[in-house]
Amino acid sequence: MVNSTHEKDILIDCKNLQKTFYTGGVETHALRDASCVIRRGEFVSIMGPSGSGKSTFMHLLSFLEEPTGGSYRFDGKDALAFDRKILARLRNQEIGFIFQAFNLLSKLTVHDNVELPLLYDFYTKGFSRSKEHKKRIAHALESVGLTHRAEYKAQYLSGGEKQRVAIARALVNNPKIIFADEPTGNLDSKAGLQVMKILQKLSADGHTIIMVTHEHSTARHASRILRLRDGVLERDEKVEDRLFATEMEELK
Amino acid sequence: MYILLLALKMTWQNFAAAKLRTFLTVLGIIIGIASVVVVMSVGNSAQNVLLDQVRLIGSNLIAILPGASADNGPPAIAFGVVSTTLTSDDIDQIRDKNNFPHVLYAAGYTSTTKLVRYRKENASYEIQGISPDGINVENMNLATGRFFTEAENTALRRVAVIGSRAAGELFGNETPEGKMIRIGKANYRVIGTLKERGSSFAGDFDETVYVPLHTAQSTIMGINYLSFARIRVDDEKNIEKTKEDIRVLLKSRHKIPQSEEGDFSVRDLASAINILSSITNVMKYFLVTVASIALVVGGIGIMNMMLITLKKRVREIGLRIALGARGRDIALQFLVESVTISVMGGALGSLIGWGVAELVGIVANSRGVAWRVTQDAEIFVMAFGIAGVIGIVFGLYPAYKAMRVSPMEALRYE
Ligand SMILES: Nc1ncnc2c1ncn2[C@@H]1O[C@H](COP(=O)(O)OP(=O)(O)OP(=O)(O)O)[C@@H](O)[C@H]1O
Ligand SMILES: [Mg+2]
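As the structure is a computational prediction, the values presented were derived from the model and not from experiment.

### Points about the interface of chain A and chain B
Between chain A and chain B, the contact holds 22 residues from the first and 25 residues from the second. Regarding the contact of chain A and chain B, the summed buried area is about 2,200 Å², with carbon and sulfur atoms giving 64% of it. Considering only the side of chain A, the residues that lose the most area to chain B are Arg-84, Tyr-120 and Phe-122 of chain A, jointly responsible for 27% of the buried surface there. Where chain A meets chain B, there are 0 salt bridges. The interface formed by chain A and chain B holds 4 residue pairs in polar contact (both at pLDDT 80 or more) in total. When contributions to the side of chain A that touches chain B are tallied by element, the ones reaching two or more residues are α2 (84-93) and α3 (110-119) of chain A. Along the lines of polarity and charge, the residues of the side of chain A that touches chain B split into 14 nonpolar, 3 polar and 5 charged.

In structure tokens form, the structure reads like this:
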């Protein structure tokens, strides 16, 4: 599978990606060399010790930061040439983010938080737009089992519920790819497993998922693991003993 | 349109979260706009009062003021110079139809304030010595009785014609004609009363007691010169020529070479009004400038608040950008917010300014000034316009900074 050559299957293709920070005259080579190909529908974990450049790598892949070297093709196009307008569209339509700190707007309700990306959906046209949006919000909330919490203020939710809201928000625009940086990092193991179950479900539905984690057990829920050490992408392996969070108790 | 609604909604949410800070920020705008409205409104009212005066007195009037002064500058008396050079003989010459064909009436004036008494009633009134022609120069109308004659003037007869309010105050329901009143140390016979006339910047006509010019000069004041003279010409278009003829005449009578400046100034009411108007205009724009400073300070306050808002919400903004908000969506949100604050301040300021202008009108009216409060719609349009422009101008920089926020900000400050 890793060696497949079907061009249009390839979503991400990066070669020798580099990121060097210059702060206060000090150079930090956060990412020295990362090359990989990720196809549509893959569930990839990025692993490595703290400071190895996992987050940096993901920020480059998700256009949050620009690389200082190397090349990056996204969906067949040169990603380094994307302008602000294209990036706004990509972020809104093709990418979903899940952050370690959830990043919900605490004063808004669950519903309004999930709606947030749709507010910036200037691309779905026509009369059915708001109807379509309603449907998507309902579907997203259902996918994470939070329909009954729709009118709750985000600040009153538990950590696990918050992260599920964040997942609902990430998938409400039906993105091609979901980026998650330590999505279980602030959760206990049970809530973490719930999140993994949802991510695996999304993966099964055909979403591409790239997840940063430093826990081996979490990483093994993915189908493939990229290992970083000191900013270098060292190993790229298929997960043989993949874990499935399916036998977890039903979500409440 | 949809983006605008979105921005408005967010603006509302943000205000609700920081009511006091928002209010303090708009205080500068409120004060500034209120000042602009007050200044413009009061200024316009004042100018209208002046125009009312012109209509009341007529525009075919010439005034001669004693003492050298520029014809459109303040009179010599304003600098404390009492000039004794203008006499009633000068005015008699001007009344000569052969030399001044356009002059209808000419009157000399002298005035003072004296205690006037009728039986137990007494009060201080303006006493004006005036030529018999004065009734026509001033367009005064008699309510009862008659005005004094040239013969009474020459004979220094002690007769008086009194203004309507003075008559009411002194006589109540009694008939004033034929009654004797005491002005200073002498008794005067009332021969007529005037119809109500209103007041002007020159004084309250209805509280004035008129006596023959010569009587006033010799009996009350003990002088032989005039405070000023007024001349009514047949038509406004002959004012300039008549003014010039008066200058020539007076210079030769006062033995001043024609090439030199006279010891008097000749003015017409229209230009006097213009001078007053231009003075109030200068005042108005000076005060508007002062108010603008308050507005700029208010604008800087808004800018400051928006920059603080940006700092506090940078994570949220980063998140919104990460979720697909475009630079212009964020910038618009900031602009809508700053304009909303500013226009709200403008609305409140307009309201306060409007109230103050009405109050000025009430106070002026209670002081007997025929003040009409003018609340021109343009003033409020202008006030809102200014507020909006300030919101935009001082919102631009924060808006620009907000649209450049990196989506990475969503991940920082954890
Ligand atoms: N904005 C930045 N400026 C300067 N140095 C940075 C910046 N971001 C990251 N670095 C440095 O780059 C290196 C890699 O950081 P990165 O956040 O990618 O590590 P990580 O693998 O995600 O670590 P962790 O598991 O602790 O999250 C670190 O040494 C970090 O200090
Ligand atoms: Mg990290």
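Having put the structure on the table, let's press on.
### Thoughts on empty space enclosed by the protein
For the structure on display, the rule yields 3 cavities of 30 Å³ or more. In this structure, the largest cavity spans a volume of roughly 100 Å³. Along the walls of the largest cavity sit Leu-108, Asp-112, Glu-115, Leu-116 and Leu-119 of chain A together with Leu-6, Lys-9, Met-10, Gln-13 and Arg-320 of chain B, which together make up its complete lining. When contributions to the lining of the largest cavity are tallied by element, the ones reaching two or more residues are α3 of chain A together with α1 (2-17) of chain B. Of the residues contributing to the lining of the largest cavity, the split by class is 5 nonpolar, 1 polar and 4 charged.

### Some words on the site of ligand 1
All names here are of chain A. Lining the immediate environment of ligand 1, one finds 13 residues, of which Ser-50, Gly-51, Lys-54, Ser-55 and Thr-56 sit closest. Ser-52 is positioned with one of its backbone polar atoms (N or O) 3.3 Å from an oxygen atom of ligand 1. One of the backbone N or O atoms of Gly-53 is found 3.0 Å from an oxygen atom in ligand 1. Compared with its free state, where it exposes 630 Å², ligand 1 has 64% of that area covered by protein. Take the shell around ligand 1: its biggest share by element is 3 residues, from helix α1 (residues 54-61). Taken together, the residues that form the shell around ligand 1 break down as 3 nonpolar, 8 polar and 2 charged.

### A look at the environment of Glu-177 of chain B
All names here are of chain B. Looking at the secondary structure, you find Glu-177 in the loop between α6 (164-171) and β6 (180-183). For Glu-177, a relative accessible area of 28% puts it in the partly exposed group. For the pair formed by Glu-177 and Ala-160, sequence separation is 17 residues and the distance between their alpha carbons is 9.5 Å. Residues within four places of Glu-177 in sequence aside, it is in contact with Thr-144, Gly-145, Val-190, Ile-191, Gly-192 and Thr-193. At 2.7 Å, the side chain of Glu-177 forms a polar contact with the side chain of Thr-144.

Rules and cut-offs
- Residues numbered from 1 in each chain as written.
- Chains lettered and ligands numbered in written order.
- Predicted model: local features only at pLDDT ≥ 70, side-chain atom pairs only at ≥ 80, totals over all residues.
- Heavy atoms only, no water.
- Contact = heavy atoms within 4.5 Å.
- Buried area = accessible area lost by both parts, 1.4 Å probe.
- Salt bridge = Lys/Arg side-chain N within 4 Å of Asp/Glu carboxyl O.
- Polar contact = N/O pair within 3.5 Å; in protein donor to acceptor, adjacent residues only side chain to side chain.
- Helix = DSSP H or I, 4+ residues; strand = E, 2+ residues; numbered from the N terminus.
- Nonpolar A, V, L, I, M, F, W, Y, C, P; charged D, E, K, R; others polar.
- 1 Å grid on protein atoms, 1.4 Å probe; cavity = no way out; pocket = protein on both sides within 12 Å on 5 of 7 lines; lining within 4 Å.
- Points joined across faces, edges and corners; volume = space filled by probe spheres on them.
- Near = heavy atom within 4 Å.
- Areas by Shrake-Rupley, 256 points an atom, 1.4 Å probe, with all protein chains shown as cover.
- Buried < 20%, exposed > 50% of the residue type's maximum accessible area, 1.4 Å probe, protein only.

Read these as geometric descriptors, not functional statements.
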